[in-house]
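# A closer look at the structure
Take a look at the letters that make up each chain.
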Amino acid sequence: MTTNSLQAYTETSSRADIRASWTRSRMSGLREDVLPRLDIDDKTTDGGLARAAYPVLRRTLSEIDGSRVALMLADQSARVVEVGGATAAISTAIRRVGLVPGVRLSEDRIGTNALGTPVEIRRGLLVRGPDHYMTAFRDFTCYGHPIFHPVTRRLEGVLGIGGEFEEDYRLSAPLARRMVRDIEDRLLQDSPRAQSRLMSAFQAAASRRGRPIVVIGDGLVLATPAALDLLEPADHAAVRACAEEMGAAAAQSHRLTLASGRQVRLTCEPIDGADGVLVDIAPDRVIRRAEAADRTLRWPLLVVGEAGAGRTTEARTASGPDAIALDATEIVLMGEQSWATRMELALTCRGPAVIVENIQLLSEPLTALLAQRLRETERHVALTSTPGDHLDDIHAALPAVCNDRRELLPLRRRRHEIPALAQHLLTAVSGHTRTRFTAETLRVLAAQPWRGNIAELRRVVELAANARSAGDIIPSDLPASHRGGPAPSSPFHEAERDVIVAAIEAAGGNKQQAARALGVSRSTLYNRIRALRIA
């Protein structure tokens with residue numbers, strides 16, 4: 001089934017659910033134009049759902065702070081347990097129509113809605129403004145997704161996300177599904193057995209492996225004596241970042257340089273039946289020798305990475321200090337003909353390596369000319385580029401003639417490296433080692449999204465160094481924009497951006513497959529990619 005066919009099928013199914021819900025609403029004797037009956041129900045809700053959901057709701061509200069979005073949690077009878085607006089305006093709008101904890105939003109009381117209807121049909125549903133049965137709710141669009149207990153498969157409640165009708169909430173569905181997965185995971189972990197599993201996993205690994213072991217769980221950190229001797233305070237932030245970066249995925253390995261300068265390999269494994277990760281720490285000597293043997297350069301070299309990810313540094317490291325640099329950003333000032341002449345002169349004679357920066361800015365004729373000269377030149381050449389479809393489209397001829405390629409991961413995908421990198425930058429900026437980041441400051445830095453990558457981190461380190469010339473740098477010494485959670489200009493769109501990026505990465509870069517996973521058409525996905533400036 002194609003993406004468009006899948007979307008058409010999904011929309012048809014949703015419309016059928018809305019029509020059936022309207023029929024049930026009428027059969028309940030409800031009228032569209034009357035004010036809803038929103039009486040407070042004093043019935044006590046089982047605390048298990050609330051305990052599991054509150055941390056997820058709080059985290060998400062902080063992520064989308066400032067956007068006109070509301071989150072709603074209801075129990076299995078559609079009784080509202082919690083309502084939170086990301087702005088004062090949306091909170092006021094919700095209260096104005098009577099959506100407060102304790103009211104029941106079942107279909108037999110208010111007709112079609114994004115909490116009561118998913119309770120009836122046991123699946124997620126987007127209810128646009130006109131889809132609501134009662135006129136009072138037609139200013140809102142909301143997506144509701146049921147929450148099932150992962151063991152009993154019993155319906156525990158519904159999670160709703162939405163807001164005022166003029167906003168586009170088609171991608172609320174993947175956001176809500178992500179929250180529901182987190183809530184269901186916490187339901188599974190909300191038992192005395194979860195902590196005992198963490199302890200059992202730690203004891204088994206410590207006795208069997210005889211080397212540094214750390215277990216990180218919800219509110220719990222266990223470490224063997226060998227790990228305590230090996231890790232300095234700054235290292236603990238890096239180990240925690242490694243564990244959080246992995247999440248619930250299969251075992252992953254990360255290379256890490258400790259504060260002492262030792263190279264180690266962290267192997268992070270999820271612990272079955274518990275919200276925890278077991279980190280096995282091993283020397284990295286053998287692995288590094290094997291990898292060094294595989295890193296013999298073959299020219300031409302293509303270096304791909306986001307802005308600020310270190311493309312220029314990587315290219316210069318590979319090309320040597322005498323390399324000549326040509327930057328495609330200069331074409332605007334020089335003109336294509338002058339730039340092409342300069343490029344041909346550099347590549348047609350012998351000499352040191354040549355670096356051609358920002359090939360994503362080259363026109364089609366310049367791309368063809370450069371590809372031809374790369375086939376003929378005797379010089380070592382390194383190209384740098386942003387990632388994206390252009391490497392498979394207008395600029396495809398350049399990757400095709402390159403014999404080596406290096407993909408630079410964005411900093412937010414290498415959180416375990418941030419503590420050591422930040423301390424290294426601090427030493428370079430200050431020119432001494434009298435100033436150091438505290439472990440908590442490093443943890444805060446590792447949690448940032450770093451859209452500007454290493455360049456952004458360097459600016460933050462410079463500001464922190466100016467704020468304190470000696471002693472420990474604490475979180476309050478960081479710029480206000482980097483002291484807590486990320487504060488993007490449009491938080492809802494930032495959350496939407498993360499969902500799309502994750503879907504594309506999970507699909508191996510296949511946007512059609514990513515669109516299918518998100519439940520939207522390919523054209524919708526491309527529109528959102530352009531609007532959110534996703535590379």
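First, a word on scope: everything that follows refers to the structure included in this document. (Residues numbered from 1 in each chain as written. Predicted model: local features only at pLDDT ≥ 70, side-chain atom pairs only at ≥ 80, totals over all residues. Heavy atoms only, no water.)

### So, the overall build of the protein chain
- Of regular secondary structure, the protein chain possesses 21 helices and 17 strands.
- Every one of the 535 residues in the protein chain was classed for burial, and the buried ones make up 49%.
- Considering only residue pairs separated by 6 or more positions, the protein chain has 66% of its internal contacts joining residues 24 or more positions apart.
- For the protein chain, the exposed area adds up to about 25,500 Å²; of that, 51% sits on carbon and sulfur atoms. (Helix = DSSP H or I, 4+ residues; strand = E, 2+ residues; numbered from the N terminus. Buried < 20%, exposed > 50% of the residue type's maximum accessible area, 1.4 Å probe, protein only. Contact = heavy atoms within 4.5 Å. Areas by Shrake-Rupley, 256 points an atom, 1.4 Å probe, with all protein chains shown as cover.)

### Describing the environment of Ala-514
- Looking at the element boundaries, Ala-514 is found in helix α20 (residues 511–518).
- Sequence spacing of Ala-514 and Ala-503 is 11 residues, and the spatial spacing of their C-alpha atoms is 5.2 Å.

### Considerations on unusual backbone geometry
- At the junction of Trp-299 and Pro-300, the peptide bond is cis and its omega measures out at -10 degrees in the coordinates.
- Along the polypeptide, Pro-300 turns up in the loop between α10 (285–294) and β11 (301–304).
- Phi is positive for Arg-122, which is not a glycine, with a value near 65 degrees.
- Structurally, the position occupied by Arg-122 is in the loop between α5 (116–121) and β3 (125–127).

### Concerning the sheet that holds strand β1 (residues 70–75)
- Spatially, the five strands line up as an open sheet ordered β2-β1-β5-β4-β3, and their pairing is antiparallel. Two strands in the sheet have a free side with no partner beyond their single neighbour: β2 (80–85) and β3. Across the sheet, the mean angle from the axis of one strand to that of its neighbour is 15 degrees, orientation sign disregarded.
- Together, β1, β4 (140–148) and β5 (155–164) form the strand contacts of helix α6 (residues 172–189), whose direction differs from that of β4 by roughly 30 degrees. (Pairing = 2+ DSSP bridges. Axes fitted to C-alpha atoms, helices over the stretch in contact; angles between N-to-C directions.)

### Details of the sheet that holds strand β12 (residues 324–327)
- Read from one edge of the open sheet, five strands run β12-β13-β14-β11-β15, paired in parallel fashion. Looking at strand neighbours, the two that pair on one side only are β12 and β15 (404–407), the edges of this open sheet. Direction aside, neighbouring strands of the sheet carry axes that sit 15 degrees apart on average.

### Looking at the environment of Lys-511
- Structurally, the position occupied by Lys-511 is in helix α20.
- Expressed as a C-alpha distance, the spacing of Lys-511 and Ile-500, which sit 11 residues apart in the sequence, is 9.5 Å.
- Aside from chain neighbours lying at most four places away, what touches Lys-511 is Asp-389, Ile-504, Leu-525, Tyr-526 and Ile-529.

### Observations concerning helix α21 (residues 522–531)
- Thr-524, Leu-525, Arg-528 and Ile-529 are the residues of α21 that are buried. Viewed along the axis of α21, the buried residues span an arc of 140 degrees, placing them on a single side of the element. (Arc of directions from axis to C-beta.)

### Some words on the layout of surface pockets
- Considering only enclosed or pocket space, the second largest pocket measures out at about 1,600 Å³ in volume.
- For the second largest pocket, the lining is made up of 40 residues, of which Arg-255, Thr-257, Glu-314, Arg-414 and Glu-417 are closest to its centre.
- Here the residues of the lining of the second largest pocket sort into 16 nonpolar, 10 polar and 14 charged. (1 Å grid on protein atoms, 1.4 Å probe; cavity = no way out; pocket = protein on both sides within 12 Å on 5 of 7 lines; lining within 4 Å. Points joined across faces, edges and corners; volume = space filled by probe spheres on them. Nonpolar A, V, L, I, M, F, W, Y, C, P; charged D, E, K, R; others polar.)

### Some thoughts on the packing of aromatic side chains
- Taken as a whole, this structure holds one aromatic pair when the rule is applied.
- For the ring pair Trp-22 and Tyr-133, a centre distance of 5.1 Å and an interplane angle of 75 degrees mean the geometry is edge-to-face. Of this pair, Trp-22 sits in helix α1 (residues 3–27) while Tyr-133 sits in the loop between β3 and β4, and the two are 111 residues apart along the sequence. The exposure classification of Trp-22 matches that of Tyr-133, with both residues buried. (Phe/Tyr/Trp six-rings, centres within 6.5 Å; stacked < 30°, edge-to-face > 60°.)

### What about the pairing of strand β10 (residues 276–283)?
- In terms of residue burial, β10 counts as a mostly covered element, since seven of its eight residues are buried.
- Pairing of strand β6 (residues 213–217) with β10, which is carried by five bridges, proceeds in the antiparallel orientation. What sits directly across from Gly-217, in β10, is Gly-276.
- Here seven bridges tie strand β9 (residues 263–270) to β10, and the two strands are oriented antiparallel to one another. The residue of β10 that forms the bridge with Cys-268 is Val-279.

### Notes on the side chain of Asp-235
- Checked against the element boundaries, Asp-235 lands in helix α9 (residues 233–246).
- Comment: no salt bridge for buried Asp-235; closest opposite-charge side chain is Arg-436, at 7.4 Å.
- Once you skip the residues sitting within four places of it in the chain, Asp-235 turns out to touch Leu-230, Leu-258 and Ala-259. (Lys, Arg positive; Asp, Glu negative; His and termini not counted. Salt bridge = Lys/Arg side-chain N within 4 Å of Asp/Glu carboxyl O.)

### Notes on the pattern of salt bridges
- Under the counting rule described, the total for this entry stands at 16 salt bridges.
- The salt bridge partner of Asp-182 is Arg-59, with a shortest N-O separation of 2.6 Å. Taken together, the residues span a long stretch of sequence, with Asp-182 in helix α6 and Arg-59 in helix α2 (residues 47–63) at a distance of 123 residues.
- Judged by its relative accessible area of 23%, Asp-182 falls in the partly exposed class.

### Let's talk about the pairing of strand β14 (residues 381–385)
- Burial analysis of β14 places five of its five residues in the buried class, which makes it a mostly covered element.
- Residues Val-381, Leu-383 and Ser-385 point to one face of β14 and Ala-382 and Thr-384 to the other, with burial holding for every one of them.
- Bridge count between β11 and β14: four bridges; the pairing is parallel. Of the residues in β14, the one forming a bridge with Val-304 is Ser-385.
- When strand β13 (residues 354–357) meets β14, the two strands line up parallel, connected through three bridges. When the bridges of β14 are listed, Val-354 appears paired with Val-381.

### Remarks on empty space enclosed by the protein
- One pass over the structure, following the stated rule, counts one cavity of 30 Å³ or more.
- Here the largest cavity is characterised by a volume of approximately 200 Å³.
- Contributions of two or more residues to the lining of the largest cavity are made by β1, α3 (88–96), β4 and β5.
- If you tally residues by element for the lining of the largest cavity, the top one is β4, at three residues.

### Some points on the environment of Arg-24
- One can find Arg-24 in helix α1.
- Taking the C-alpha atoms as reference points, Arg-24 and Thr-112, 88 residues apart in sequence, are found 8.5 Å from one another.
- Setting aside chain neighbours within four positions, we find Arg-24 in contact with Glu-107, Thr-117, Glu-120 and Ile-121.

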